[in-house]
Amino acid sequence: MRYLLTFLLMFNTLFANDKVHTFASSSECMACHPAIYEEFSSSMHANATPQKDPIHNAVWDKHPQKNKKEQYGCGKCHTPAADDLDHMLTQGKKALPKIDNATHQEGISCAYCHRIESIELHAKSNTNIIAKNDRAYFGTKKEHIDSPFHGIITEGNEHMQNGNVCIGCHSHKMNNHKLNVCSTNIDNTMDGANCVSCHMPKVTGSVSVMNETKEHTFHGFAGSHFHSDMLQNYVDISLLREIDDFIVNIDNRTSHALLLHPLRTAVLKVSIYRNGEKINLKDEIFVRVIGHEGKPAMPWAATTTLKDTMIQANEKRSVLYNFKLQKGDEVNVTLGWYLVNPKALKMLKLENEDVATKFTEFKKESFSF
Ligand code: HEC
Ligand code: HEC
Ligand code: HEC
Ligand code: HEC
Ligand code: HEC
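Rules used throughout
Every chain's residues receive numbers from 1 upward, in the order its sequence appears when written. Following the order in which they are written, the chains are lettered starting with A and the ligands numbered starting with 1. With the structure being a predicted model, the display of local features is reserved for residues of pLDDT at least 70 and the display and counting of side-chain atom pairs for 80 or more, all residues being used for whole-chain, interface and lining totals. In computing side-chain values, all of the structure's heavy atoms are included and hydrogens and water are not. For Na, K and Ca the donor cutoff is 3.2 Å, while for all other metals N, O and S atoms must lie within 2.8 Å; water is not among the atoms, so some sites may look incomplete. Site shape is set this way: if four donors have all angles between 85 and 135 degrees, tetrahedral; if opposite donors are over 155 degrees apart and all others between 65 and 115, square planar for four donors and octahedral for six; otherwise irregular. Numbering of helices and strands runs from the N terminus, with a helix taken as a DSSP run of H or I at least four residues long and a strand as a DSSP run of E at least two residues long. Accessible area is worked out with a 1.4 Å probe on protein chains only. A residue is then buried under 20% of its type maximum, exposed over 50%, and partly exposed in between. When we say a residue is near a molecule or strand, we mean one of its heavy atoms is within 4 Å of it. For this analysis, a polar contact is any N or O atom pair within 3.5 Å, provided that within protein one partner can donate a hydrogen and the other can accept it, and provided that sequence-adjacent residues contribute only side-chain to side-chain pairs. Only Asp, Glu, Lys and Arg are considered charged, only Ala, Val, Leu, Ile, Met, Phe, Trp, Tyr, Cys and Pro nonpolar, and every remaining residue, Gly among them, polar. Source of the domain bounds: an automatic or database domain assignment. Note on definitions: a residue-residue contact is assigned when non-hydrogen atoms from the two residues lie within 4.5 Å. Here the quantity called buried area is the accessible surface, traced with a 1.4 Å probe, that two parts lose on coming together, added over both. By definition here, a salt bridge exists when the distance from a side-chain nitrogen of Lys or Arg to a carboxyl oxygen of Asp or Glu is within 4 Å.

## Some details on the coordination of the iron atom of ligand 4
Then step 1. Bound to the iron atom of ligand 4 are the protein donor atoms His199 (NE2) and His256 (NE2), situated 2.0 Å from the metal.
Then step 2. Classification of the site at the iron atom of ligand 4 rests on its six donor atoms, whose angles at the metal span 88 to 179°, yielding the label octahedral. Placement of His199 in helix α11 (residues 195–199) and of His256 in the loop between β10 (246–252) and β11 (265–274) is noted, with a sequence separation of 57 residues between them.
Then step 3. According to the relative accessible area criterion, His256 is buried, its value standing at 14%.

## Things to note about the site of ligand 1
Then step 1. As a structural note, the neighbourhood of ligand 1 is formed by 20 residues, with Asp53, Cys74, Cys77, His78 and Arg264 the closest of them.
Then step 2. Here His78 contributes a side-chain N or O atom positioned 3.0 Å from a nitrogen atom of ligand 1.
Then step 3. Mapped by element, the contributors of at least two residues to the shell around ligand 1 are α3 (54–62), α5 (75–78) and α10 (167–170).
Then step 4. The greatest single-element share of the shell around ligand 1, amounting to four residues, is contributed by α3.
Then step 5. Broken down by class, the residue content of the shell around ligand 1 amounts to nine nonpolar, eight polar and three charged.
Then step 6. The residue makeup of the shell around ligand 1 includes at least three contributed by each of domain 1 (2–46 + 108–217) and domain 2 (228–368).

## Quick notes on the domain arrangement of the protein chain
How big an interface is tends to be reported as the loss of accessible area on association of its parts.
Then step 1. For the protein chain, the domain assignment lists domain 1 (2–46 + 108–217) and domain 2 (228–368).
Then step 2. Measuring from the centre of the C-alpha atoms in domain 1 to the corresponding centre in domain 2 gives 33 Å.
Then step 3. Counting from both sides, the interface comprises 17 residues of domain 1 and, opposite them, 20 residues of domain 2.
Then step 4. For the pair domain 1 and domain 2, the summed buried surface comes to about 1,400 Å²; carbon and sulfur atoms form 63% of the total.
Then step 5. Where domain 1 touches domain 2, the interface holds zero salt bridges.
Then step 6. Here domain 1 and domain 2 share five residue pairs in polar contact (both at pLDDT 80 or more) between them.
Then step 7. For the side of domain 1 that touches domain 2, the secondary-structure elements that each account for two or more residues are β6 (180–183) and α11.

## Considerations on the coordination of the iron atom of ligand 2
Then step 1. Around the iron atom of ligand 2, the protein contributes the donor atoms His33 (NE2) and His150 (NE2), at 2.0 to 2.1 Å from the metal centre.
Then step 2. Coordination at the iron atom of ligand 2 is octahedral, judged from the six donor atoms that bind it and the angles of 86 to 179° they form at the metal. With His33 in the loop between α1 (2–16) and α2 (34–41) and His150 in the loop between β3 (136–138) and β4 (151–153), this pair connects stretches of sequence that are 117 residues apart.
Then step 3. Judged by its relative accessible area of 23%, His33 is partly exposed.
Then step 4. Given the relative accessible area of 15%, His150 is considered buried.

Here it is in structure tokens:
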């Protein structure tokens, strides 16, 4: 009897662990959801691991958890489908993301995201609560056929539609010094727009091969790495000519700052074509620099925000150019970014990584006088 009791207790603790779940692999969705699968595969969610994302890897490489503790706290958001996630998040367990463990390399997988049942709010970072049923997925389509592979839950899960499904990982991340390293405005309702409606618009192509539909929800997650053209319309650029100078206005109609991660650097480039010649004006830089004792520091070491010129949520930023325009001038304005602040490239050993050094042109406008 005693043996049975111990056995039952062990059995219980084994399954009482809320942090470990098994998820169907994303590749299992491919056969029936090929369009969605293809978009997802090239998104940052599928590539959020140190082995697949050189920028994440470069920062992780410097992290004291990697070098001293062999603990991967990042896994909570970067490899949430890992079969040993609880160990990754526990000091002393020595569990790092591995290239040969498929569950580590899934990133933020299809089944993981579609099993987020609710979000627990916490000061340091929120936590996703995962539904126990591993073969029933939350969806939003009011009319759908049944799937032979999985159940579909479309009742009582507004979070899939209102964007709350995203805030378990995206709302904020606070370090041990109580500094918010990164934060997205979670009050994300703006003229009915939210994380999902802006970042996952409807595009042509069927939801599944079993039931032909005209459109599906875009799963390439438009953002600063990929598909930023899909978000262009949320930022307007206009020009105001004055007698001795001119002003470029940037109207950010987004519910969060133009860029969020502190590694980013946005740049406004302005040039003027006059009599066949190109005149470049000085670049305007938008950054949020975090640091310690007056110097820039890594996210875990930073204690304060040293400088914040990033264009904020719903902000209209005006940049003045002391340049007198004349008839016949053409002003070319480009707003774009570097994913990694050029000043941090060397320290992160990213000088030769295209993704870190290239300039992304987000929006271009031309004004003729
Ligand atoms: C609370 C969730 C969460 C945790 C924990 C977390 N991250 Fe992230 N991380 C994110 C999100 C969300 C993004 C996307 C932010 C963006 O693009 O603005 C991101 C993006 C990044 C990026 C930018 C990647 C790129 O390709 O540009 C780096 C670098 C990064 N994280 C490093 C880390 C490291 C290192 C750890 C662990 C020490 C970590 N993160 C832990 C949520 C998290
Ligand atoms: C054997 C085919 C098949 C496979 C494999 C499959 N699905 Fe589906 N799935 C369907 C069908 C059919 C629908 C209903 C489509 C419709 O009515 O337009 C569906 C619908 C969905 C929905 C939408 C629910 C809604 O109504 O909004 C989600 C979410 C979903 N699948 C997720 C997944 C995930 C995640 C995987 C992989 C782990 C997967 N599916 C694998 C056939 C499949
Ligand atoms: C389990 C955590 C998690 C959830 C849930 C999540 N994300 Fe992410 N997301 C991340 C991480 C981590 C990254 C950064 C990956 C990297 O760059 O390595 C990211 C990156 C992104 C990016 C940047 C893409 C780019 O091109 O730079 C966008 C946009 C995004 N997520 C939107 C969303 C939306 C919309 C939702 C909700 C439907 C969502 N995310 C849910 C963790 C999450
Ligand atoms: C009104 C539309 C809109 C809404 C609502 C919105 N975004 Fe964005 N988001 C944008 C635009 C515009 C950008 C900047 C362009 C880009 O990165 O491609 C952006 C950029 C991002 C990035 C990349 C930032 C970086 O530093 O790399 C992430 C991650 C992101 N959004 C996540 C979210 C999440 C999570 C929500 C909901 C809490 C959300 N967004 C709500 C429009 C929106
Ligand atoms: C980061 C979270 C996230 C990931 C990862 C994700 N989805 Fe979704 N998915 C959503 C959200 C949110 C919706 C609802 C969108 C809406 O209501 O507009 C959705 C909608 C769907 C639908 C409903 C049909 C449609 O197009 O509207 C299907 C099917 C689906 N996802 C399948 C998948 C498959 C398959 C994968 C992986 C290849 C995947 N999802 C990965 C968040 C995610």
